[in-house]
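# Structural characterization, general
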Amino acid sequence: MGSKHHDDLPIKVRIKKTYEAYEPYLRATVHNIERFLERNIALASPPTYKSRIKTFTSYYKKILRLKKIQDALSPDALVCLTDMMGIRIICAFIEDIAVVLDQVKQLFDIQEIERKGPAQNFKEFDYESVHVLVKIPASCFPNGNDFPHMQLPDDAVCEIQVRTILQDAWAEVEHELIYKSEFSPFDLPLRRKLASINASLNLADIIFQEIRDYQKKLQVEVNERRRMFYEKVDELDIVKREMSGDAREKIGRVSPYVKGTLDDLLLEAIHAHNTGALDRAIEIYSQILASKPVDAVRSVVHKHRGMAYFTESEYKKALEDFKASSSYDAKNFRALYYEGIVHSFLKDYKAAIACFSQALAVNEYQSHAFFRRAEAYYEEGEYERALADITAAEKLGMNDEACKALHAKVMEAI
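Cut-off values and rules
- Each residue is numbered by its place in its chain's sequence as written, counting from 1.
- Given that this is a predicted model, residues contribute local features only at a pLDDT of at least 70 and side-chain atom pairs are listed and counted only at 80 or more, while totals for whole chains, interfaces and linings are drawn from all residues.
- Processing note: side-chain calculations cover all non-hydrogen atoms of the structure and skip hydrogens and water entirely.
- Secondary structure is summarised from DSSP: a helix means a run of H or I of at least four residues, a strand means a run of E of at least two, and numbering begins at the N terminus for each.
- Burial classes: relative accessible area under 20% of the type maximum marks a residue as buried, over 50% as exposed, and values in between as partly exposed (1.4 Å probe, protein chains only).
- By the convention used here, residues are in contact when the closest approach between their heavy atoms is within 4.5 Å.
- Only the protein chains shown count as cover for residues, and all accessible areas are computed by the Shrake-Rupley method using a 1.4 Å probe.
- For two strands to be treated as a pair, DSSP must find at least two bridges joining them.
- Axes, fitted as lines to C-alpha atoms, cover a helix only where it is in contact. Angles between the N-to-C directions of the axes lie from 0 to 180 degrees.
- Between Lys or Arg on one side and Asp or Glu on the other, a salt bridge is scored when a side-chain nitrogen of the former is within 4 Å of a carboxyl oxygen of the latter.
- By nonpolar core we mean a set of buried residues, namely Ala, Val, Leu, Ile, Met, Phe, Trp, Tyr and Cys, connected to one another through side-chain atoms within 4.5 Å.
- pLDDT is a residue-level measure of predictor confidence that goes from 0 to 100.
- Pairing of aromatic rings covers Phe, Tyr and Trp, the last through its six-membered ring, and needs centres within 6.5 Å; plane angles under 30 degrees mean stacked, over 60 mean edge-to-face, and all others mean tilted.
- A helix is expected to reach a length of 1.5 Å times the quantity of its residues less one.
- To count toward a patch, a residue needs a relative accessible area above 30% and no salt bridge. Like charges then connect within 9 Å, nonpolar side chains (Val, Leu, Ile, Met, Phe, Trp, Tyr) within 5 Å.
- These descriptions rest on fixed angle ranges, namely under 35 degrees for roughly parallel, over 145 for roughly antiparallel, 65 to 115 for roughly perpendicular, and the rest for oblique.
- Crossings are sorted by hand: turned counterclockwise from the far helix by less than a right angle, the near helix makes the crossing left-handed, and turned clockwise it makes it right-handed.
- The nonpolar class holds Ala, Val, Leu, Ile, Met, Phe, Trp, Tyr, Cys and Pro. Asp, Glu, Lys and Arg form the charged class, and all remaining residues, Gly among them, are polar.

## Digging into the overall build of the chain
Counting secondary structure elements, the chain contains 15 helices and 5 strands. A buried classification covers 44% of the 414 residues belonging to the chain. Contacts in the chain between residues at least 24 apart in sequence constitute 65% of all its contacts with a sequence separation of at least 6. Accessible surface, the chain: about 22,300 Å² in total, of which carbon and sulfur atoms supply 53%.

## Let's talk about the sheet that holds strand E3 (residues 109–116)
Pairing is mixed across the open sheet formed by 5 strands, whose spatial order is E1-E2-E5-E4-E3. The sheet terminates laterally at strand E1 (48–53) and E3, the two strands that pair on one side only. Across the sheet, the axes of successive neighbouring strands diverge by a mean angle of 20 degrees, strand direction being ignored. When strand E2 (residues 85–91) meets strand E5 (residues 157–164), the two strands line up parallel, connected through 6 bridges.

## What about the pattern of salt bridges?
Going through the model one piece at a time under the given rule, you end up with 19 salt bridges. A salt bridge links Glu 38 to Arg 35; the shortest N-O distance between them is 2.8 Å. With Glu 38 and Arg 35 both in helix H1 (residues 2–40), this residue pair falls 3 residues apart, about one helical turn. For Glu 38, a relative accessible area of 36% corresponds to the partly exposed category. Its relative accessible area of 26% is what places Arg 35 among the partly exposed residues. For Arg 52, the salt bridge identified is with Glu 159, shortest N-O distance 3.8 Å. Remark: Glu 159 occurs in strand E5 and Arg 52 occurs in strand E1; sequence separation between them is 107 residues. Because the salt bridges share partners, they merge into one network encompassing Lys 50, Arg 88, Arg 163 and Asp 168.

## Overview of the nonpolar core
Grouped together as the largest cluster of nonpolar side chains are 49 residues, with contacts concentrated most on Tyr 285, Tyr 337, Phe 371 and Ile 390. With 7 residues, the top contributor of residues to this core is helix H8 (residues 278–290). Core analysis: the next-biggest nonpolar cluster, separate from the first, contains 41 residues, Leu 37, Phe 56, Leu 101 and Val 134 among them.

## Looking at the confidence of the model for the chain
Looking at the chain as a whole, the pLDDT averages 79, with 77% of positions reaching at least 70. Within the chain, helix H12 (residues 349–362) carries the highest mean pLDDT (94), whereas helix H3 (residues 69–72) carries the lowest (63). Below pLDDT 50 for its whole length, residues 1–7 participates in 0 contacts with residues either more than four positions away or in separate chains. Contacts from residues 119–126, a stretch scored under 50 in pLDDT, to residues over four places away or in other chains number 22 contacts.

## Observations concerning the packing of aromatic side chains
Summed over all chains, the structure comprises 12 aromatic pairs. Residues Phe 56 and Tyr 60 carry aromatic rings whose centres are separated by 5.7 Å and whose planes lie at 25 degrees to one another, so their mutual orientation is stacked. Residue Phe 56 and its partner Tyr 60 are located together in helix H2 (residues 56–65), separated by 4 residues, close to a single helical turn. Note on Tyr 378 and Tyr 383: the rings are 5.6 Å apart at their centroids and 55 degrees apart in plane angle, and the pair reads as tilted. Taking relative accessible area as the criterion, Tyr 378 reaches 21% and is therefore assigned partly exposed. A relative accessible area of 29% means that Tyr 383 is categorised as partly exposed. The structure contains a cluster of three or more aromatic residues connected by ring pairs, namely Tyr 19, Phe 56, Tyr 59 and Tyr 60.

## A word on helix H4 (residues 94–107)
Taking 1.5 Å per residue as the helical rise, H4 with its 14 residues ought to reach 20 Å, and the 21 Å between its terminal C-alpha atoms agrees with that figure. Along H4, the residues that are buried comprise Glu 95, Asp 96, Ile 97, Val 100, Leu 101, Gln 103 and Val 104.

## Observations regarding a nonpolar patch on the surface
Taken together, the side chains of Ile 207, Phe 208 and Ile 211 make up a nonpolar region of the molecular surface, amounting to roughly 230 Å² of accessible area. For Phe 208, the position within the fold is in helix H6 (residues 188–235).

## So, the side chain of Lys 62
Examined against the element boundaries, Lys 62 turns out to sit in helix H2. Since its relative accessible area comes to 16%, Lys 62 is described here as buried. Excluding anything up to four places from it in sequence, Lys 62 contacts Lys 54, Leu 81, Thr 82 and Asp 83.

## Remarks on the side chain of Thr 164
You can see Thr 164 is positioned in strand E5. Overall, the relative accessible area of 0% leaves Thr 164 in the buried class. Each residue touching Thr 164, except ones within four places of it in the same chain, is listed here: Ile 90, Cys 91, Phe 93, Ile 94, Ile 97 and Asp 205.

## Focus on the packing of helix H14 (residues 383–395) against helix H15 (residues 401–413)
Put simply, H14 and H15 touch, their axes get as near as 10 Å, and they point 150 degrees apart. In terms of orientation, H14 lies roughly antiparallel with respect to H15. Pair H14 / H15 crosses with left-handed handedness. Between H14, through Tyr 383, Ala 386, Leu 387, Ile 390, Thr 391 and Glu 394, and H15, the contact on the second element is made entirely by Cys 403, Leu 406, His 407, Val 410, Met 411 and Ala 413. In the contact of H14 with H15, the residues fall into 9 nonpolar, 2 polar and 1 charged.

## Overview of unusual backbone geometry
Here the phi dihedral of Lys 292 falls at roughly 55 degrees; this positive angle occurs in a residue that is not glycine. Inspection of the secondary structure assignment puts Lys 292 in the loop between H8 and helix H9 (295–311). The phi dihedral of Ser 313 is positive, around 65 degrees, even though this residue is not glycine. Looking at the secondary structure, you find Ser 313 in the loop between H9 and helix H10 (315–328).

Written as structure tokens, this is what we have:
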């Protein structure tokens, strides 16, 4: 037994020498794959990446377990395990995982996909994750001049794991507690605690996704409401259509918000607004304001109700709401802009100019605010200022027919 033990030592040394010779090559390869992913994976919330190569200790243990010692003894070749190189793509939301997976399928030759599911009972506390084995593209291997005589098999793979931030956090902690520790928690109460933590993180991921879905649905409704507001302005011949119609995004998940909460009421009001039920929308907006929410919420709701009043041609009430909106949030440049539009419609051009100027003081990159102020300056006979504003609007990318027509009128007047 003693002789066999000593015979094993030089074998391990030889395998380690080969592995260490390949280590820089492996690191360069996984680095190239990571850069390739960063250039090609597109998400609204950009993911983060982690990459690693297997440590020699883990590599050697797996070689022993798979009984590949003889294959590993070649001084020039490396036994290439499927998890030799790994990259994690860490996403913000659950929905991102499917998006990333679809993009990975387009970028690589997929060898295998494994989905690690949630724990099935309180005795389990494994993490959720999607593991994809991809064939390494030839373009991701390092330059042969930098690593002469080194080459991985043509069917070499890299493991790409796709997780949420919370799934990755749990996996890291679990790895320390379970796999790197000599003693795993076998005591039932302790295992229940671990399972409870994992379940809480899974629930948090689900809630984050539901909030994200709610935000998307609300944004779709807000975009539609804003489009309708500008259509009303167009009908009054103050502006030409500024926004193209927004195709409604279909979000099938159920909102997590309890019926009657401010979030749910706001979504209901904006939906009523968008579907033409303006009286109902104004009623709900007023109900929200009556509850005396925080100033930020008041500012938003006053702005929405002002737009509803404007659509109903109740311009005095619209002005009051837009003024209230900016009073509760001095940075609400859109409320100032909308107020300026109402003043322009009522031919109070001096008041309109003041509102557009305030809006531009908050956000100087509003091409339409420059355009509206140029219109007001033109009506006031201040042609040089009108020219300066219409030029600013054009520099910011506004170049429609209304903009060209106003520019021509100003130049003619000058």
